[in-house]
Amino acid sequence: MPEPDNTFAAANGLLHRRVFLKTGVAAVGLLTAQVAAGTRDPWMKEPGAALGESGAPSDHESHVVRTGIGSQPGTTGSGASRTPLEFLDGIVTPSRLHFERHHSGIPDIDPARHRLVIHGLVDRPLSFDVESLDRYPRASRIQFLECSGNSGSATAPVAAADATCSSIHGLVSGSEWGGVPLAVLLDEAGVKPKASWVVAGGADAAMMSRSIPLAKIMDDAIVALYQNGERLRPANGYPMRLFLPGWEGNASVKWLRSLTVTDQPAMTKDETSKYSDLMHDGKAKLFTFPMGVKSVITSPSPGLAMAGSGVYQISGIAWSGAGSVRRVEVSADGGNTWAESALDAHVLPKSLTRFRSAWRWDGKPAVIMSRAIDETGAVQPTRVAALAGLANFYHHNGMQAWQVGADGGVTNVYV
Ligand SMILES: Nc1nc2c(c(=O)[nH]1)N[C@H]1C(S)=C(S)[C@@H](COP(=O)(O)O)O[C@H]1N2
Ligand SMILES: [Mo]
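Residues numbered from 1 in each chain as written. Chains lettered and ligands numbered in written order. Predicted model: local features only at pLDDT ≥ 70, side-chain atom pairs only at ≥ 80, totals over all residues. Heavy atoms only, no water.

Undergrad: Help me understand the sheet that holds strand β25 (residues 401-404), please; the structure alone is not making it clear to me.
TA: What holds strands together in a sheet is hydrogen bonding between their backbones, with the strands either parallel or antiparallel. Strands sit in the order β21-β20-β24-β25-β26 across an open sheet of 5 strands; the sheet is antiparallel. With one partner strand each, in any of the chains shown, β21 (339-340) and β26 (410-413) form the two edges of the open sheet. As paired strands, strand β20 (residues 325-331) and β21 are joined by 2 bridges and run antiparallel to one another. Along β21, the bridge assignment pairs Val330 with Ala339. (Pairing = 2+ DSSP bridges. Helix = DSSP H or I, 4+ residues; strand = E, 2+ residues; numbered from the N terminus.)

Undergrad: Can you help me understand the pairing of strand β23 (residues 353-361) in this one?
TA: Successive residues of a regular strand alternate their side chains across the two faces of the sheet. Counting buried positions along β23 gives 8 out of 9 residues, so the element sits mostly inside the fold. Bridge count between strand β19 (residues 310-319) and β23: 9 bridges; the pairing is antiparallel. Note on β23: the bridge partner recorded for Gly316 is Phe355. Where strand β22 (residues 342-343) and β23 come together, 2 bridges link them in antiparallel fashion. Counted as the bridge partner of Leu343 is Phe355 from β23. (Buried < 20%, exposed > 50% of the residue type's maximum accessible area, 1.4 Å probe, protein only.)

Undergrad: Would you take a moment to explain empty space enclosed by the protein for this structure?
TA: Vacant regions in the atomic arrangement are exposed by a probe of water-molecule size rolled over the atoms. Throughout the structure, instances matching the rule amount to 4 cavities of 30 Å³ or more. Roughly 220 Å³ of volume is contained in the largest cavity. What lines the largest cavity is a set of 19 residues, among which Arg101, Arg241, Gly249, Ser252 and Lys254 lie closest to the centre. Within the lining of the largest cavity, the residues separate by chemical class into 6 nonpolar, 8 polar and 5 charged. Here the second largest cavity defines a volume of roughly 70 Å³. Together, Leu85, Leu88, Asp89, Gly90, Ile91, Val92, Thr93, Thr298, Ile317, Leu352 and Arg354 line the second largest cavity. Residue classes in the lining of the second largest cavity are distributed as 6 nonpolar, 3 polar and 2 charged. (1 Å grid on protein atoms, 1.4 Å probe; cavity = no way out; pocket = protein on both sides within 12 Å on 5 of 7 lines; lining within 4 Å. Points joined across faces, edges and corners; volume = space filled by probe spheres on them. Nonpolar A, V, L, I, M, F, W, Y, C, P; charged D, E, K, R; others polar.)

Undergrad: Looking at this model, I keep getting lost on the pairing of strand β6 (residues 116-120). Mind explaining?
TA: Pairing between β6 and strand β7 (residues 126-128): 3 bridges, direction antiparallel. By the bridge assignment for β7, Leu116 is matched with Phe128. As consecutive antiparallel partners, β6 and β7 are separated by 5 residues. Here β6 runs beside strand β15 (residues 256-262); their pairing, made up of 4 bridges, is parallel. Counterpart to Gly120 in the pairing with β15 is Val261.

Undergrad: Can you help me understand the site of ligand 1 in this one?
TA: In the region of ligand 1, 21 residues are neighbours, and Phe99, His103, Asp204, Arg241 and Lys254 sit closest. The contact in question runs from an oxygen atom of ligand 1 to an N or O atom on the side chain of His103, over 2.7 Å. In this structure, a nitrogen atom belonging to ligand 1 sits 3.1 Å away from a main-chain N or O atom of Ser252. Here ligand 1 loses 100% of its free accessible area of 540 Å² to cover by the protein chains. Of the pockets mapped on this structure, ligand 1 occupies the largest cavity. The element best represented in the shell around ligand 1 is strand β5 (residues 100-102), accounting for 3 residues. (Near = heavy atom within 4 Å. Polar contact = N/O pair within 3.5 Å; in protein donor to acceptor, adjacent residues only side chain to side chain. Areas by Shrake-Rupley, 256 points an atom, 1.4 Å probe, with all protein chains shown as cover. Sits in = over half its atoms within 2 Å of the grid points.)

Undergrad: Help me understand the layout of surface pockets, please; the structure alone is not making it clear to me.
TA: In this structure, the largest pocket occupies an estimated 340 Å³ of space. Lining the largest pocket are 16 residues, with Gln72, Ala80, Arg82, Arg101 and Leu171 positioned closest to its centre. Elements with a contribution of two residues or more to the lining of the largest pocket: β3 (67-71) and β4 (79-82). Top contributing element to the lining of the largest pocket by residue count: β4, with 3 residues. Split into classes, the residues belonging to the lining of the largest pocket amount to 6 nonpolar, 7 polar and 3 charged. Approximately 190 Å³ is the volume found for the second largest pocket. Lining the second largest pocket are Asp277, Lys285, Thr288, Pro290, Met291, Gly292, Ala386, Gly389, Leu390, His395, His396 and Asn397.

Undergrad: Sorry if this is basic, but what is going on with the packing of aromatic side chains here?
TA: By convention here, two paired aromatic rings are described through the distance between centres and the angle between planes. What the rule picks out here adds up to 10 aromatic pairs. Between Trp177 and Phe243, the aromatic rings sit 5.2 Å apart at their centres with planes inclined by 25 degrees, giving stacked as the arrangement. Of this pair, Trp177 sits in strand β9 (residues 172-181) while Phe243 sits in strand β14 (residues 241-243), placing them 66 residues apart in sequence. Each member of the pair, Trp177 as well as Phe243, carries the same accessibility label: buried. Their ring planes at 45 degrees and their centres at 5.7 Å tell us that Tyr275 and Tyr394 sit as a pair that is tilted. One end of the pair, Tyr275, is in the loop between α7 (269-272) and β16 (277-278); the other, Tyr394, is in the loop between α8 (383-389) and β25, and 119 residues separate them in sequence. A relative accessible area of 12% means that Tyr394 is categorised as buried. The structure contains a cluster of three or more aromatic residues connected by ring pairs, namely Trp197, Trp247, Phe287 and Phe289. (Phe/Tyr/Trp six-rings, centres within 6.5 Å; stacked < 30°, edge-to-face > 60°.)

Undergrad: Before we go on, may I ask you to explain the side chain of Gln380 in this structure?
TA: Inspection of the secondary structure assignment puts Gln380 in the loop between β24 (366-374) and α8. Separated by 3.2 Å, the side chain of Gln380 and the backbone oxygen of Gly398 make a polar contact. When near neighbours in sequence (up to four residues on either side) are disregarded, Gln380 contacts Val293, Lys294, Ser295, Ser370, Arg371, Ala372, Asn397, Gly398 and Met399. (Contact = heavy atoms within 4.5 Å.)

Undergrad: Got a minute to help me understand the domain arrangement of the protein in this structure?
TA: Interface size is commonly expressed as the accessible surface area that is lost when the partners come together. Along its sequence, the protein is organised into domain 1 (116-277) and domain 2 (294-413). Contact residues are listed per partner, giving 32 residues for domain 1 and 28 residues for domain 2. Summed over both sides, the interface between domain 1 and domain 2 buries roughly 2300 Å², with carbon and sulfur atoms accounting for 59% of that surface. Here domain 1 and domain 2 share 13 residue pairs in polar contact (both at pLDDT 80 or more) between them. Looking at the side of domain 1 that touches domain 2, the elements that each hand over two or more residues are β8 (139-146), α4 (165-169) and β9. By residue number, the principal contributor to the side of domain 1 that touches domain 2 is β8, which donates 4 residues. (Domains from an automatic or database assignment. Buried area = accessible area lost by both parts, 1.4 Å probe.)

Printed below as a string of structure tokens:
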């Protein structure tokens, strides 16, 4: 016997994912008398605006901007801005809203003068400019970039009442990155047999540098030249950046200037003073590159109030540095029962993946949360379990819970 389409899949109103895939949920408004009578709104009465060279969002979307923009005091422009996850859908972040993280501001690089040098333990040291890289084979990667400090504020002992999805989790974005596979360039340079690391250096005033295992460089690393179909934005590495799929953002060196092939890591300032993970026993883990399996509900979330009981869409993003997301589950009772979410069509490795569930909210207080499971079987941990391992805020991938109040307001909560 087929089950009816409104089958509940978990407690407190979570509907079977089939509801999302196959049926409407009767959440729409009724046809108004105005539309029925054929009344024309003002914008239908005269021609609209002229054509333009470059598009911009509707004035009605002016609230959709990066958040938490801030430089750390006493630094030479070290700071971050965050992607407004709660106002976005899909798996690709518009380039203008990609999060930013810089250690010394955004350099204004002249592509005609910029060079990428590959040297060290190679047979033939090589130098490339943008024009020469444009002649090489191209690879496209629709993948996420996440700062290892993302979600770090969720490690605080008390849940911040004014936190939003972007203020906690907005240091992750998704793009189509287009560029040249590094394996092609290193093969041309001729890597010497004893080589095992590559030290990547940036052309910003911070001269950010990271040591990367040669195996990763040869596996799926690219020198990215394009972001969502256009040249990289200056903030994201124009004219070229290293892009390391699934790995912590700081290793994807922007404004890439040098790749030095070595037989050991360089222990640069950027991988010893930070981007190493202090443990409870006082020792630090070095080179913790892959980002863990993770998800967050972007809607409903703080700032997106719910207007009374009824059927709502719970939607969010899931990702894993280990590969594809296999499954996402959503709970509406604080993690006691779980229902499988529907995934949007594009389930790509090391990419943001969009999930959706239908929820019949009864208007009473509820705690909603999500958990992701990746293709290796790794399950996103609870917040408490995630914190047990680390003594600092890097690489936090615990579950995020949102408290829905009887008034429809949504707040950050720990369970
Ligand atoms: N040259 C250089 N590369 C850099 C950085 C930097 O400050 N300088 N910041 C790193 C950090 S910490 C992160 S999280 C990512 C952020 O990339 P985005 O600004 O394109 O989001 O770039 C990394 N690459
Ligand atoms: Mo970062």
